[in-house]
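Okay, here's what each chain looks like letter by letter:
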Amino acid sequence: FKKKKCFFSTGKTWKKNRFYKLQEDCKTLWHESKKTFMRDQTFTIDDIESVRKGRQSEGLKKHTDPNMEELCFSIFFKGRKKNLDLMAASGDEASRWVRALEKIINNMRNLNRQQKREHWIINCMRKADKNADNQMNLKELKHFLRQINVEVDDTYAEEIFKKCDTSNSGSLEGAEIKHFYDLLTHREEIDVIYKQYALAEGQMSARDLLNFLLNEQREEATPEDAYTLIEKYEVDEIAKQKKQMTKDGFLMYLHHDDGSILNPAHKPVYQDMSQPLNHYYISSSHNTYLMEDQVKGPSSTEAYIRALMKSCRCVELDCWDGDSGEPVIYHGYTMTSKVRFKDVIQAIKEYAFKTSDYPVILSLENHCSVEQQKLMAHHMISILGDALLTRPLGNTMPTNFPSPEELKGKFIIKGKRLNKLNAIFSNNSIIDEDTVSEEDEAADVKENGQKAKSKKTKMKLAKQLSDIVIYCKSVHFHGFEHARDNQDFYEMSSFKESKAFSLADTSATAFIHHNMDKLSRIYPAGSRTNSSNYNPVPMWNVGCQIVALNFQTPSKEMHLNQGRFLPNGFCGYVLKPEFQRSPSSQFDPGSLIKGPWLKRQTFHVMVISAQQLPKLNKDKAKSIVDPLVRVEIHGVPADNASKETHYIDNNGFNPMWNENFSFNIYVPELALVRFVVEDYDSTSQNDLIGQYCLPLTSVQKGYRHVPLLTKRGDVICSAGLFVHLMLIDAE
């Protein structure tokens, strides 16, 4: 679309005309503002998280009539930028808007790394061409180099310019700009690797490529695999016919999934999903309703949508009596805003299974009166319908959890229950309500000095709410021995982080065995009022499944969580190692006693180079990053390590390090690898440029590109690292 007209919302004010135009880069949307201090208003396709048709935002639901549903749509942005609510003149026009935006978004996201790299450079060239004459003079060339995050002295800039200005016209155009682009994007490190293996008249034959795959990439490759890669990635048709790979084809291969650090076989769901539910780590959120801090931040249905779209499979609902008779969700005894329980359940139903088909656990922290509990049960039953699990699978009392595969598309309620689960299979009736002990977390929620409830508080529980708690009945924890002798498999406890870490330190093996037949949920301390997170790795080390984090807070801990759940289709479930599932296991993460978990390896990492790192201070034209790379291992205590390169002055475009590190790994099945790129600062804390985390068991060996993500976990389109990786078994 060139220019499109629609109405936009500014709070309660509607029907202000706004014209939008897609810029030449096919990436930037522009609209004119009548405010003198906001002349050009733009946002890019990369800023958009999703486009949703209908009255999907809280603003649209509040300020528009239901009969306007077909006219409305919203653009939701990454991070904390407010969404843009829009209304078209007709339903057809709204649909065209949504389809067009989704098409552009999908086109951009489906570009391979090489295409993204080229698109980014060309876009920077366009911005540097101030007078839009499709030529580049020396001043514009210097501006362009700063745009792409590289600082060069004037003499070097002039040398490049003269080398390319073959017409001696004082400006570059056409083939001269192409020559300049080729000089700029030339990668010496790729040349060295390619020349080492290209023995067939300066090009790689299928045999040469096979040698590379076997010797460098350490893949179990066959000649057919080499032919397939040539067919898939070679850009020169003549070379393809000769079953050869040019350097451009080789670079194309390295920029795609086959050349990425993440094993392509681990991208889809590849693990056995038929094991009992408690045999999996489950991606889990704490206080899911909060967008920001725990004291006065906003509560929103959008927070649930964002968590679910990140494949979170356990969300928390902190339920309280609402003034209008409808239960609400908010952080009790604080100034956080409130959102209707009913609206949250509706949003969960709509977005729960968009990114993963596997079951979603609704963890209820219930503070409601009996009457409003009945409403909670009514809303969940009526809105979630058949997807809500209201009785165990099968016709007999189960003795173990069903599997994620069996529970696909289902909602499981975690909360208090008035009786044992086997009452469902008997004719014994119970009273409509009774008292149960208050949730553990309710007693902890006011650690920040506010009045706390007694841990012995009792509350009345409605039968209707009790009856829909099936596989996740909340009970107090009285010790591992008591749990083993008295708790049924479906009875689970929640642990405050301090209690959980203490148990992991003092009784790790007992904790692991507890988690072999029961579920455990860990949650952040109430003192974390800023919504910070604890380190989830020690909790995974002892087999805890529901390790709940504040998803709204971008942090190192969330990067580790994203890395843990990156493989297996990013479905929110990852199968625990065998030694955390086998009753005969005596695994203790704090001890290196011999066992099937002990597989000593040396992990060699060569950090070679980076490409197109983003500028951090875009307001200052001459601000260039000084990048360094840190490689971290997170796992059992013996494996935890961190090593970093030196920093490189003023080059974010193509810095090269060629630094080697080695790490001793003892329990590779629990190890995560995290790459961190920072902008070095001698006077203050380094700034994060990008990061990427994945399990060590999903790492591909050899020469690999590593994508980079922002602090919030979004892909930085053009940026990446180039590394060489080796895993060698110790003797």
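These numbers come from a predicted model, not from an experiment.

Criteria and thresholds
Residues numbered from 1 in each chain as written. Predicted model: local features only at pLDDT ≥ 70, side-chain atom pairs only at ≥ 80, totals over all residues. Heavy atoms only, no water. UniProt positions renumbered as here; feature names shortened; annotations may be inferred. Buried < 20%, exposed > 50% of the residue type's maximum accessible area, 1.4 Å probe, protein only. Polar contact = N/O pair within 3.5 Å; in protein donor to acceptor, adjacent residues only side chain to side chain. Domains from an automatic or database assignment. Salt bridge = Lys/Arg side-chain N within 4 Å of Asp/Glu carboxyl O. Nonpolar A, V, L, I, M, F, W, Y, C, P; charged D, E, K, R; others polar. pLDDT = per-residue confidence, 0-100. Contact = heavy atoms within 4.5 Å. Helix = DSSP H or I, 4+ residues; strand = E, 2+ residues; numbered from the N terminus. Pairing = 2+ DSSP bridges.

**A word on the UniProt feature "active site" (unreviewed entry) in the chain**
Move 1: The sites that UniProt annotates as "active site" (unreviewed entry) are H286 and H331. These annotated residues cover 46 residues of sequence, and their C-alpha atoms all fall within 11.2 Å of one another, placing them together at a single site.
Move 2: With a relative accessible area of 4%, H286 lands in the buried category.
Move 3: Residue classification places H331 among the buried residues on the basis of a relative accessible area of 5%.
Move 4: Looking at H331, its side chain comes within polar contact range of the side chain of N287, at 3.4 Å.

**Notes on the domain arrangement of the chain**
How big an interface is tends to be expressed through the accessible area that disappears when the partners come together.
Move 1: Assigned domains within the chain: domain 1 (4-110), domain 2 (114-185), domain 3 (188-259), domain 4 (278-421 + 433-446 + 469-549) and domain 5 (601-729).
Move 2: Of note, the centres of domain 1 and domain 4, computed from C-alpha atoms alone, are 35 Å apart.
Move 3: For the pair domain 1 and domain 4, the number of links is 2 salt bridges.
Move 4: Residues R306 and E49 are paired through a salt bridge, measuring 3.7 Å at the closest nitrogen-oxygen approach.
Move 5: Applying the counting criterion to the domain 1 and domain 4 interface returns 6 residue pairs in polar contact (both at pLDDT 80 or more).
Move 6: Here the residues of the side of domain 1 that touches domain 4 sort into 2 nonpolar, 2 polar and 5 charged.

**Side note on the confidence of the model for the chain**
Move 1: Across the chain, pLDDT averages 88, with 91% of residues at or above 70.
Move 2: For residues 445-454, every residue scores under 50 in pLDDT, and the model assigns this stretch 18 contacts once sequence neighbours within four places are set aside.

**Here's the deal with the pairing of strand β6 (residues 72-77)**
Move 1: Within β6, 6 of the 6 residues are buried, leaving the element largely enclosed by the surrounding structure.
Move 2: Covered by surrounding structure in β6 are C72, S74 and F76 together with F73, I75 and F77, the residues of both alternating faces.
Move 3: Taken together, the 5 bridges between strand β5 (residues 48-53) and β6 define a ladder with antiparallel strand orientation. Within β6, the residue paired with S50 across the bridge is F76.
Move 4: Sheet topology places β6 next to strand β7 (residues 84-87); 4 bridges connect them, and they run antiparallel. Counted as the bridge partner of S74 is D85 from β7.
Move 5: Hairpin connection of β6 to β7: 6 residues between the antiparallel strands, including G79 at a positive phi of 70°.

**Things to note about the pairing of strand β28 (residues 687-695)**
Every regular strand shows the same layout, with side chains that alternate between the two sheet faces.
Move 1: Counting buried residues along β28, 7 of its 9 residues qualify, which places the element largely inside the surrounding structure.
Move 2: Strand direction decides the pairing type here: strand β27 (residues 672-679) and β28, joined by 8 bridges, are antiparallel. Each bridged residue has a counterpart across the sheet, and for L672 the counterpart in β28 is P695.

**Structural notes on the environment of V677**
Move 1: With respect to the helices and strands, the residue V677 is situated in strand β27.
Move 2: The buried category is assigned to V677, whose relative accessible area is 0%.
Move 3: Among all residues touching V677, those that are not within four sequence positions of it are L613, P627, L628, V629, D687, L688, I689, G690, L708 and L721.

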